[in-house]
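Notes for the structure review
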Amino acid sequence: MTVLDHRHPATVPGWLPGATAPRTDPAPLLPDSSPLRVLGTEAQTKTDPALLRELYRRLVVGRRYNQQATTLTKQGRLAVYPASTGQEACEVAAALALRPQDWLFPSYRDTLAVVSRGVDPLEALTLLRGSAHTGYDPKATRTAPLSTPLATQAPHAVGLAHAARLAGDQTVALAMLGDGGTSEGDFHEALNFAAVLNAPVVFLVQNNGYAISVPLTQQSAAPSLAHKAVGYGMPGRLVDGNDAAAMHAVLSEAVERARAGGGPTLIEALTYRIEAHTNADDATRYREEAEVTAWREHDPILLMERHLRPAGVLDDELVREAAEEAEALAARMRAEFHAEPELDPMSLFTHVYAEMTPQLREQSAQLAAELAAEAEVEAR
Ligand SMILES: Cc1ncc(C[n+]2csc(CCOP(=O)(O)OP(=O)(O)O)c2C)c(N)n1
């Protein structure tokens, strides 16, 4: 069998010969009409308590990581930080669902998934400090650089997954995107190739309601983003993105299905970006406070506390341990980010064009003059 073999026999009896007949019964690919939940349902009782505790611990540490990184932007220690506050369940479940040999393809909002995978926080945030470098070794960590151009990481993930399958190894690639990213051509091309090639790749779309200030209603008229999977011939899954146990269940199932040769899955996680888009954005200009308040009540950590306490899975000791670990991480971030990053502002102009444009030459001369003037003042 080659990877290009048609997998689905023609399903329309009596249709003309050739490959034009519909090849897939869409029903099994359709997402559920309501998002999957585990916490507070029968499924919670069947979930390994050790996994639930681990998810809780990572959520608490992840929340503190988000808070500390946001504070570092206010102190000028980080140039920009797109916080995943409120979306931590997606981030930590993504990291936990992968095996060490798998590859993660994150977007700029997914540093927590990268850190939760084991990459050093300082290294994971290098790019967001203003460096042109990724900070961590993608090959050693099996983690692609944070992608700022929307959805470009999706075809990269498909290419890597397809190559791994051809090489006969057991690697799965997970691409993380936002709802806005699903309007990009790269997203569609990636899904199409992934399904046609039966590549071992999972697409996780965190639908946090907004692409900066653009609400989803102005982005897509589809019944859900998960429905988009059907048109490409892969299953779509709809999940409560703030339910860490549900996120872990859906992601693990999709990752292991891909590993077993079952092909790609598109997962839409319904979640909410509690903070502004980045520290450079004012979210009060495009959304109501009541909306934020409602989502704060559906917070991923709160949800776990609400459902795991009565079940006896979460106790004071774990709450204290998680809080201590979170504070230790925050203290380490404060200490390590204290030093100024070694950046050469003039490097802004290198590797942009083989030959600089007249405008860039002018701007580069202007910056060089400003830096020289600054140095002269400092030398006095
Ligand atoms: C190809 C491309 N076009 C435009 C932008 C500018 N841009 C940066 S973030 C963003 C919104 C993305 O929203 P979404 O995909 O929902 O992700 P979120 O920020 O909510 O995580 C846009 C349009 C970009 N980074 N890349």
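Before reading further, recall that the structure is shown in the block above.
Residues numbered from 1 in each chain as written. Predicted model: local features only at pLDDT ≥ 70, side-chain atom pairs only at ≥ 80, totals over all residues. Heavy atoms only, no water.

**Some words on helix α14 (residues 358-379)**
Given 3.6 residues to a turn, an α-helix orients residues that are three or four positions apart in the same direction. In a regular helix each residue adds 1.5 Å, so 22 residues correspond to 32 Å; α14 covers 32 Å between its end C-alpha atoms and thus fits that length. Listed as buried for α14 are L360, S364 and L367. Taken down its axis, α14 places every buried residue within 65 degrees of arc, on the same side. In α14, the exposed positions that point more than 90 degrees away from the buried face belong to P358, Q359, E362, E370, E376 and V377. (Helix = DSSP H or I, 4+ residues; strand = E, 2+ residues; numbered from the N terminus. Expected span 1.5 Å × (residues − 1). Buried < 20%, exposed > 50% of the residue type's maximum accessible area, 1.4 Å probe, protein only. Arc of directions from axis to C-beta.)

**Here we look at the site of the ligand**
Inspection of the region around the ligand gives 15 residues, with Y108, R109, T148, G180 and G181 positioned closest. In this structure, an oxygen atom belonging to the ligand sits 3.0 Å away from a main-chain N or O atom of Y210. Summarising the interface, the protein chains cover 72% of the accessible area of the ligand, which totals 580 Å² for the free molecule. Taken together, the residues of the shell around the ligand sort by class into six nonpolar, six polar and three charged. (Near = heavy atom within 4 Å. Polar contact = N/O pair within 3.5 Å; in protein donor to acceptor, adjacent residues only side chain to side chain. Areas by Shrake-Rupley, 256 points an atom, 1.4 Å probe, with all protein chains shown as cover. Nonpolar A, V, L, I, M, F, W, Y, C, P; charged D, E, K, R; others polar.)

**Looking at unusual backbone geometry**
Positive phi is not limited to glycine here, since R142 has a value of about 55 degrees. Here R142 is to be found in the loop between α6 (138-141) and α7 (153-167). Residue R142 is classed as partly exposed on the basis of its relative accessible area, which comes to 25%. Phi angles above zero are rare outside glycine, and H351 is one such case at about 60 degrees. Considering the arrangement of structural elements, one finds H351 in the loop between α13 (316-336) and α14. Residue classification places H351 among the exposed positions, given a relative accessible area of 82%.

**Points about the side chain of T171**
The topology assignment puts T171 in the loop between α7 and β2 (173-178). Within the structure, the side chain of T171 is placed 3.4 Å from the side chain of R142, a separation counted as a polar contact. A distance of 2.9 Å separates polar atoms of two side chains, one belonging to T171 and the other to D169.

**As for the sheet that holds strand β1 (residues 103-105)**
Spatially, five strands are ordered β1-β2-β3-β7-β6 in an open sheet, and the strand pairing comes out parallel. Strands at the two margins of the open sheet, each flanked by one partner only, are β1 and β6 (236-240). Averaged over all pairs of adjacent strands, the angle between their axes in this sheet comes to 20 degrees, without regard to strand direction. Sheet topology places β6 next to strand β7 (residues 265-270); five bridges connect them, and they run parallel. Counterpart to L238 in the pairing with β7 is E268. Lying over the sheet, helix α10 (residues 244-259) contacts β2, β3 (201-207), β6 and β7, oriented at roughly 155 degrees with respect to β6. (Pairing = 2+ DSSP bridges. Axes fitted to C-alpha atoms, helices over the stretch in contact; angles between N-to-C directions. Contact = heavy atoms within 4.5 Å.)

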